[in-house]
Each structure stands twice: as structure tokens, then as C-alpha cells.
Amino acid sequence: MPAGKGRGEPNPGRTCVGKTMAMLCRLGEVPRHLLVCEKSNFGHEKSRHRHLVETHYHNYRVSFLIPECGILSKELKDLVMDSGPYYFVKDLPLHELIAQEFINTFVKKGACYALTYNTNIDEDNTVALLPNVVSIDLMDLSSKLDSKKYKRISWAFKEKKPLKFDFLLAWHQTGAEGSTVMSYFSNYRIQERQPKIALSTVTDLPCPVLRSGELRGEPEAACSAQELFEWLGAVFSNAELNNEPDNFISTYCCPQPSTVVARAYLCTITGFILPEKIRLLLEQLCRYFDEPKLAPWVTLSVQGFADSPVSWRENEHGFRKGGEHLYNFVVFSNRDYWLQLAVGANDDCPP
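Here the structure is a predicted model, which means the values were calculated and not measured.

## Description of the overall build of the protein chain
Assigned secondary structure in the protein chain consists of nine helices and twelve strands. The long-range share in the protein chain, meaning contacts at least 24 apart out of those at least 6 apart in sequence, stands at 78%.

Quick look at the structure:
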């Protein structure tokens, strides 16, 4: 008689099913990422480019790439060098951000941005100040400084829960000359900081061939927006793009069709970069094509702070396994543009 299987002995078929189910469960845990791509023209009356730049408040890194360029124009270089300053304030009590003097000095006379420094959004208390709105609307509060609501909030921040944080602060001033951030917070440990700027020329760079009207690309004629997005990530990471068989770091290669440009100019700005500065930079990149250029397009990429509690406007942002929220413009010589917006695992679809 054939020997029967003892109790508890594994069934090969059942084991296979169990492993498959476990693998499917693990695949379900892989964080998804969202990438939205759209195309428009800077001259179009319904173009969203300005709005999306101005409502992405907490920007950590800005990079632009110009193919067939070896020297940066004076106009672009001046904007890059004027990308700061921003400020670091140590142990700033939270109630300072709702003080009447602060609101009158900074909130009403420009756009003020703040973000807690060295806090993990999924582990710590995190605070962000937006130019017009926070969970407590400072513009609304400023007109009701004698109200019970203001007094209750002020009491909560000062006495009931006197929280202190290290903050990064940046201010875009639109009103008349007045107090500076340094002088206003002189009673606290404050440092003025300038963004770090990296300028470089990349030689013999394989570049995707793009057509402004073909967002999804065209077989053997043009690459898609998603292929360009992946290629930019490799370029900004200084990855090799030749897919050499002995390269154990990167097997990535430029998507096809492609062309090799003799040189390309790459600039990266890292710090706490105001949306207003980024808007000026984008406008200058648009004017780059006012005179004939060899480059068919240029790109501008912006990354937000991973631990910012919002991405665009008041859209809640999470970290989980990445914390990314970023956008990228591809500016074409005819003033068409592609706009790519990306967020990570915990975020809703970009606006």
C-alpha cells in the first residue's frame, strides 16, 4: 500500500498557494506613486503653470537643465544667485507665529513661509506656515484679535501647550521697508542662510527626442513624458546612461529615439526656496527662446521637503516610505510646455 501523508506534513499544492497569496499580499504593501502629466502653452489663458508654482510652498531643491548650452546667461545667473536668503530659528515658541506684531509685520506685508526643521512627519509634531492659510487662518485671525477665539488659541499655545520648535523661515516682502526677519527674532538664536548652488556642464549627454504635441510619445519618432521623467531622475543623480555590462550601479540607458548633445548646463539650488523665486526662474527660462537656440527644450524640476505636512495648497502630505512631492516643467521653444506632478504613497492625486 502506498504510504499515506502524516498529520501536519506539508501539502506541496497548498504550500504553493500559500506562498502565492503571501507574495500578492506583499505586492499590495508596495507604496504606489502618482505621476500626472499634462501639456499646455504659457500664452494660453487657462494655463495653470503660475498657480501650481505659487501654491507649492515648501521647496527644498530646484534644478534646471539646458541642452546645447555651456555658459549661463547673465539674467539666469543673477536669478540663481539671488535665490536666498532663508533663516533658521532655534527653539521658537509656536505662539510667536500668531502674535499680532508678527502677523502685521510679515503675514500682511508679503508671503511668509515656515516649516519645522528636523521633525519626522510620521513620528513628531510638525508645523508649517503657509502664506495665507494654516489650520489656523492668520489673515482671518488678524482681524479678530480681541475675539474669544484668538484669546483661546493664544492661551493654548502660550500656557496650556507651550510648544517650541526649530524652524526654517522665508519671507517674500511686498510691502514697504520694515523689520527684517533677523531683527524681529533677535531674542532667539537665529541664523541667516543662503541656498547651496551647484553649477556644472555635462558633456556628450544622450538626450531623448521630444515633440511638444506628443505627450505619450510616438514610436521611433519621440519619447514620452514618463520616459523623460525617468531620464531626468538619472541625470540629476549623475547616473551613467550607457548601460555598460560591467556597471553594477546602474543599467539604465537613455530612452529611444535620442540624440547626443555636445554639452548641457545643469544647475541645482538646495535650501528653502520661495515659490516667488521659482516663478521668476520659470519666466526667465521661457524667455530663453526669445533668441534662436540650438536647444529644442529646457527643463525645470522642483522637489518639496519630504516632511512637509502639505504638498500643494492645503493638500495633506504623508511620508511613509518616500515623502516625495515634486513637479517638472519641460519648456519648448514654441512656448508649449509639459507639466509633470508627482506624489508618493500617502497623498491624494496632485491638483
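## Looking at the packing of aromatic side chains
Tallied over the full model, the rule gives 20 aromatic pairs. Centre to centre, the rings of F106 and W171 are 4.7 Å apart; their planes meet at 85°, and the pair counts as edge-to-face. Residue F106 is found in helix α4 (residues 100-107), and its partner W171 is found in strand β6 (residues 164-173); the two are separated by 65 residues along the sequence. Comparing F106 with W171 shows no difference in burial state: the two are buried. Consider the rings of Y327 and F329, whose centres lie 5.9 Å apart with planes at 85°: the pair is edge-to-face.

## Here's the deal with empty space enclosed by the protein
This model, assessed by the stated rule, comprises two cavities of 30 Å³ or more. Of the volumes computed, that of the largest cavity is approximately 50 Å³. If you go around the largest cavity, the residues you meet are V62, L79, V80, S83, I269, I273, K277, I278 and L281. Looking at the lining of the largest cavity, the elements with two or more residues in it are α3 (74-81), β9 (258-273) and α9 (275-287). Taken together, the residues of the lining of the largest cavity break down into seven nonpolar, one polar and one charged.

## Some thoughts on the layout of surface pockets
If you add up the space inside the largest pocket, you get close to 640 Å³. Lining the largest pocket are 28 residues, and of these F229, G233, F236, Q303 and L326 sit closest to its centre. Those elements giving two or more residues to the lining of the largest pocket turn out to be β1 (34-41), β2 (59-67), β8 (196-208), α8 (225-236), β9, β10 (297-304), β11 (325-332) and β12 (336-343). A total of six residues in the lining of the largest pocket trace back to one element, the largest contributor, which is α8. Looking at the lining of the largest pocket residue by residue, the classes come out as 14 nonpolar, eleven polar and three charged.

## Topic: the pattern of salt bridges
A full pass over the atoms with the stated rule returns nine salt bridges. D166 is paired through a salt bridge with K90; the nearest N and O atoms lie 3.1 Å apart. Here K90 lies in strand β3 (residues 86-93) and D166 lies in strand β6, a separation of 76 residues in the sequence. The buried category is assigned to D166, whose relative accessible area is 17%. For K90, a relative accessible area of 29% gives the class partly exposed. Put simply, R211 and E218 hold a salt bridge, and the shortest N to O gap is 3.1 Å. Residue classification places R211 among the partly exposed positions, given a relative accessible area of 40%. Each member of the salt-bridge network shares a partner with another, and the members are R50, E54, R279 and E283.

## A short note on the sheet that holds strand β4 (residues 110-116)
In spatial order, the strands read β5-β4-β6-β3-β7; together these five strands make up an open sheet with antiparallel pairing. The open sheet has two edge strands, β5 (128-129) and β7 (189-193), and neither has a second partner. Relative to β5, β4 runs antiparallel, the two sharing two bridges. From the neighbouring strand, L115 faces β5, where its bridge partner is A128. Contacts between α4 and the sheet are confined to β4, β5 and β6, with β4 contributing the most and set at about 120° to the helix.

## Brief notes about the packing of α3 against α9
Viewed as axis vectors pointing N to C, α3 and α9 meet at an angle of 170°, and their least axial separation amounts to 10 Å. Regarding the angle of α3 to α9, the classification is roughly antiparallel. For the pair α3 and α9, the contacting residues are E75, L76, L79 and V80 in the first and L280, L281, Q284 and L285 in the second. Within the contact of α3 with α9, the residues separate by chemical class into six nonpolar, one polar and one charged.

Here is what the cut-offs are and how they apply
Residue positions within a chain follow its written sequence, with the count starting from 1. Local features in this predicted model are restricted to residues whose pLDDT is 70 or higher, and side-chain atom pairs enter the listing and the counts only when it is 80 or higher, whereas totals over whole chains, interfaces and linings include all residues. Calculation of side-chain values draws on the structure's entire complement of heavy atoms; hydrogens and water are dropped beforehand. Secondary structure follows DSSP: runs of H or I at least 4 residues long count as helices, runs of E at least 2 residues long count as strands, and numbering of each begins at the N terminus. Contacts between residues were defined by any pair of non-hydrogen atoms, one from each residue, lying within 4.5 Å. Here a pair means two rings of Phe, Tyr or Trp (six-membered ring of Trp) with centres within 6.5 Å. Their orientation is stacked below 30 degrees between planes, edge-to-face above 60, and tilted elsewhere. Only protein chains enter the area calculation, which uses a 1.4 Å probe; residues under 20% of their type maximum are buried, those over 50% are exposed, and those in between are partly exposed. Two kinds of site are reported from a 1 Å grid over the protein atoms alone, namely cavities, where a 1.4 Å probe fits but cannot get out, and pockets, open sets with protein on both sides within 12 Å along at least five of seven lines, and residues are called lining when an atom falls within 4 Å of a point. Grid points are joined across faces, edges and corners, and a volume is the space filled by probe spheres set on the points. Each residue receives one of three labels: charged for Asp, Glu, Lys and Arg, nonpolar for Ala, Val, Leu, Ile, Met, Phe, Trp, Tyr, Cys and Pro, and polar for the others, Gly being one of them. By definition, a salt bridge exists where a carboxyl oxygen of Asp or Glu is found within 4 Å of a side-chain nitrogen of Lys or Arg. Two strands qualify as a pair provided that DSSP identifies no fewer than 2 bridges between them. Axis geometry follows a simple rule: fit a line to the C-alpha atoms, using only the stretch in contact for helices, then measure angles between N-to-C directions, giving values from 0 to 180 degrees. With respect to orientation, any angle under 35 degrees is reported as roughly parallel, any angle over 145 as roughly antiparallel, any angle of 65 to 115 as roughly perpendicular, and every other angle as oblique.

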